[in-house]
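Listed here are the chains, written in short residue letters.
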Amino acid sequence: MSSPFSINGGACVAMRGKNCVAIACDLRLGLQSLTVSNNFPKIFQYSPTAFLGLTGLATDVSTVSELFRYKVNMYRLREERDIAPKTFAQLVSSSLYERRFGPWFVSPVVAGIDGKSGAPFICGFDSIGCIDYAADFIVSGTASDQLFGTCEGLWEPDLEPDDLFETISQALLNAVDRDALSGWGAHVYIIEKDKVTKRLLKGRQD
Amino acid sequence: MAALSHHHLSSTAPFAFQQAPPQNHSGEPTQHAFYPYTDNGGSTLGISGKTFTVIAGDTRSTSGYNINTRYAPKLYPIGGQGPTHKGSKIVLSVVGFAADGRALQERLDTVVKMYRYQHGCEISVKACAQRLSHILYNKRFFPYYVQAILGGIDEETGEGALYSYDPVGSYEREYCRAAGAAASLIMPFLDNQVNLKNQYEPAAVSGFDKKQLVPQPLERPQVEELVRDAFTSAVERHIEVGDGLQMMFITKEGIEEVYFPLKKD
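As recorded in an unreviewed UniProt entry, chain B goes by the name Proteasome subunit beta, listed as coming from Baudoinia panamericana. Under the UniProt heading Subcellular location (unreviewed entry), the entry covering chain B gives this text: "Nucleus".

Chain A has the name Proteasome subunit beta in an unreviewed UniProt entry, where Baudoinia panamericana is given as its organism. Quoted verbatim from the Function (unreviewed entry) heading of the UniProt record, the comment on chain A is "Component of the proteasome, a multicatalytic proteinase complex which is characterized by its ability to cleave peptides with Arg, Phe, Tyr, Leu, and Glu adjacent to the leaving group at neutral or slightly basic pH. The proteasome has an ATP-dependent proteolytic activity."

Broken down by element type, chain A carries four helices and twelve strands. In terms of C-alpha radius of gyration, chain A reaches 16 Å, essentially the compact-globule figure of 17 Å for 206 residues. Within the span of chain A, comprising 206 residues, buried residues form 55% of the whole. Pairs at least 24 apart in sequence give 61% of the contacts found in chain A among residues at least 6 apart. Here chain A displays about 9200 Å² of accessible surface, and carbon together with sulfur accounts for 51% of that area. Looking at charge distribution, chain A has the averaged site of its 20 positive side-chain charges lying 6 Å from that of its 24 negative ones.

This next bit is on the nonpolar core. In terms of nonpolar packing, the biggest core is built from 55 residues, with Leu45(B) and Val227(B) touching the most fellow members. When neighbours within four sequence positions are excluded, Leu45(B) is seen to be in contact with Val54(B), Ile55(B), Ala56(B), Ile149(B), Arg177(B), Ala178(B), Ile186(B), Leu190(B), Val227(B), Ala230(B) and Phe231(B). Leu52(A), Ile83(A), Phe88(A) and Val106(A) belong to the second-largest nonpolar core, a separate cluster that totals 23 residues.

Below, the discussion takes up the packing of helix 2 (residues 98-119) of chain B against helix 3 (residues 125-138) of chain B. Residue and element names in this part refer to chain B. Between helix 2 and helix 3, the least distance of the axes is 11 Å, while the angle of their chain directions is 135°. By the angle class used here, helix 2 and helix 3 are oblique. Helix 3 is crossed by helix 2, and the crossing has right-handed handedness. Packed against helix 2, whose contacting residues are Leu-104, Arg-107, Leu-108, Val-111 and Val-112, the element helix 3 presents Cys-128, Arg-131, Leu-132, Ile-135 and Leu-136 at the interface. Here the residues of the contact of helix 2 with helix 3 sort into eight nonpolar, no polar and two charged.

So, about the sheet that holds strand 10 (residues 176-180) of chain B. All names here are of chain B. The sheet built from five strands is open, its strands ordered 10-1-2-11-12 with antiparallel pairing. With partners counted over all chains shown, the strands left at the sheet margins are strand 10 and strand 12 (254-261), one partner each. Neighbour-to-neighbour, the strand axes of the sheet open up by a mean angle of 15°, direction not taken into account. Two strands pair when backbone bridges link them, and strand 1 (residues 43-48) and strand 2 (residues 53-58) are joined in this way by five bridges, in the antiparallel orientation. Bridging from a neighbouring strand, Gly-46 pairs with Ile-55 of strand 2. On top of the sheet, helix 4 (residues 183-193) reaches strand 1 and strand 10; it is set at about 170° to strand 10, its chief contact. On top of the sheet, helix 5 (residues 220-237) reaches strand 1, strand 2, strand 11 (244-251) and strand 12; it is set at about 155° to strand 11, its chief contact.

The grouping of Glu156(A), Asp158(A), Glu160(A), Asp162(A), Asp163(A) and Glu166(A) at the surface amounts to a negative patch. Summarising the element assignment, Glu156(A) is placed in the loop between helix 3 (144-154) and helix 4 (161-176).

Residues and elements named next belong to chain A. Looking at where Asn-8 falls in the secondary structure, it is placed in the segment before strand 1 (11-16). A polar side-chain atom of Asn-8 sits 2.9 Å from the main-chain carbonyl oxygen of Gly-30. Those residues in contact with Asn-8 that sit more than four places away from it in its chain are Arg-28, Leu-29, Gly-30, Leu-31, Gly-56, Leu-57, Ala-58 and Leu-181.

For the rest of this paragraph, the subject is helix 2 of chain B. Since the α-helix turns once every 3.6 residues, residues separated by three or four places project in the same direction. Residues and elements named next belong to chain B. The terminal C-alpha atoms of helix 2, which comprises 22 residues, lie 31 Å apart, in line with the 32 Å expected from a rise of 1.5 Å per residue. If you check which residues of helix 2 are buried, you get Asp-100, Gly-101, Leu-104, Gln-105, Leu-108, Asp-109, Val-112 and Lys-113. Looking at the buried residues of helix 2, the elements they touch are strand 5 (75-78), strand 6 (90-96), helix 3 and strand 7 (146-153). The positive-phi residue at the C-terminal boundary of helix 2 is Gly-120, with phi of around 70°.

The next subject is the state of the cysteines. Residue and element names in this part refer to chain B. Overall, the coordinates contain zero disulfides over all chains when judged by the stated rule. The structure places no disulfide on Cys-121, whose sulfur is separated from the nearest cysteine sulfur, that of Cys-128, by 13 Å. For Cys-121, a relative accessible area of 38% puts it in the partly exposed group.

So, how was this worked out
Residues numbered from 1 in each chain as written. Chains lettered and ligands numbered in written order. Predicted model: local features only at pLDDT ≥ 70, side-chain atom pairs only at ≥ 80, totals over all residues. Heavy atoms only, no water. UniProt positions renumbered as here; feature names shortened; annotations may be inferred. Helix = DSSP H or I, 4+ residues; strand = E, 2+ residues; numbered from the N terminus. Rg over C-alpha atoms; globule rule 2.2 N^0.38 Å. Buried < 20%, exposed > 50% of the residue type's maximum accessible area, 1.4 Å probe, protein only. Contact = heavy atoms within 4.5 Å. Areas by Shrake-Rupley, 256 points an atom, 1.4 Å probe, with all protein chains shown as cover. Lys, Arg positive; Asp, Glu negative; His and termini not counted. Charge placed at Lys NZ, Arg CZ, Asp CG, Glu CD. Core = buried A, V, L, I, M, F, W, Y, C linked by side-chain atoms within 4.5 Å. Axes fitted to C-alpha atoms, helices over the stretch in contact; angles between N-to-C directions. Parallel < 35°, antiparallel > 145°, perpendicular 65-115°, else oblique. Left-handed = near helix turned anticlockwise from the far one by under 90°. Nonpolar A, V, L, I, M, F, W, Y, C, P; charged D, E, K, R; others polar. Pairing = 2+ DSSP bridges. Patch = residues over 30% accessible without salt bridge, like charges linked within 9 Å, V, L, I, M, F, W, Y side chains within 5 Å. Salt bridge = Lys/Arg side-chain N within 4 Å of Asp/Glu carboxyl O. Polar contact = N/O pair within 3.5 Å; in protein donor to acceptor, adjacent residues only side chain to side chain. Expected span 1.5 Å × (residues − 1). Disulfide = S-S within 2.5 Å.

Here it is in structure tokens:
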């Protein structure tokens, strides 16, 4: 209960589809059982098609998301191009490992589409940067057990964007409804080669 | 002579535990402990339909990271005749501490059989469910370390009846319930697929006139598919679940058992 990863609560999930990826998060911010805010998004955009989801200790979620904004801006200035999701994943990994003995208490998720090849990409990390590449889905946060169950049950290969949206939404909403520390609505991003759709889900407000 | 009588009359034995060295070789005081509970892992689930109830459980038994056996049933027919439970229409599933589960099954089975000897008729699921609650609460301060699910056929309506319990006997009748190690994985999936949670009429999915889909009792083939999907998913992500899936379908005709192999890794 006093683990830094479960003080504030929150959930995040990414899924791969056919030439598309999706990433979604809940909106709750709490202090143990007390809900402080119902508008605390956990997904951040770092290029036209590279997204990062961060769950864990809220102060670290904010700090780390800003740290990557700085790092990606520096990358863009040096390289004069947008960062690719795969490159961004390596940046996340090495930045987290830099804090090997005093880690950021976050469980990041990266989702995106390669700007050149159009290949979908998702991966997750532990708090010290070990990358978990997955062909299907990545989950993180206090509802990760529930998300593993719903994703494993609902996900199938080669989903089209609309079906992927329905799948990730149902997986997230039903998972957070069984976790007291997550919920209060959701943000869902559907990322295609040259189109990003953001949807806001209401969900249960308790 | 004095020495001899001393030996005969002395109440102290020539040896005593008090003489044992109070310390072991490392210099630490020797401590003894007895842990009355272990967690044997595994998962169960139950779904009730219009004319039947299904209770399912995996058959793996674990202690820590060890697998004790790949075939240890968690499903027990209750009542009926003789040790084979012939003609039984009630199934108890228990997950948690297997020894307590077995003891609980024995207790409930005896009670249900005694009921028939005394009343000359089979116990109803409703009464059996109430009795199970009392058995669990009787051990309120040294509980049976189990999560129980009881399934049968409602006498009055002929519909499936399903009851779920906490270890000290708090219980509730439900349409579906997952218990055990992978309950947190399976339950939200069941909420979605059985109770149709977070699903709305396609005509209006947002705004004030959106309507939740009303859950309907499922048919047997659909239920069997859902149970298999739930368990193959749980096996994929939980190390304590696997090896085999045992299902018991309870209808007014009796109990039908189905076994389905699961991954053994």
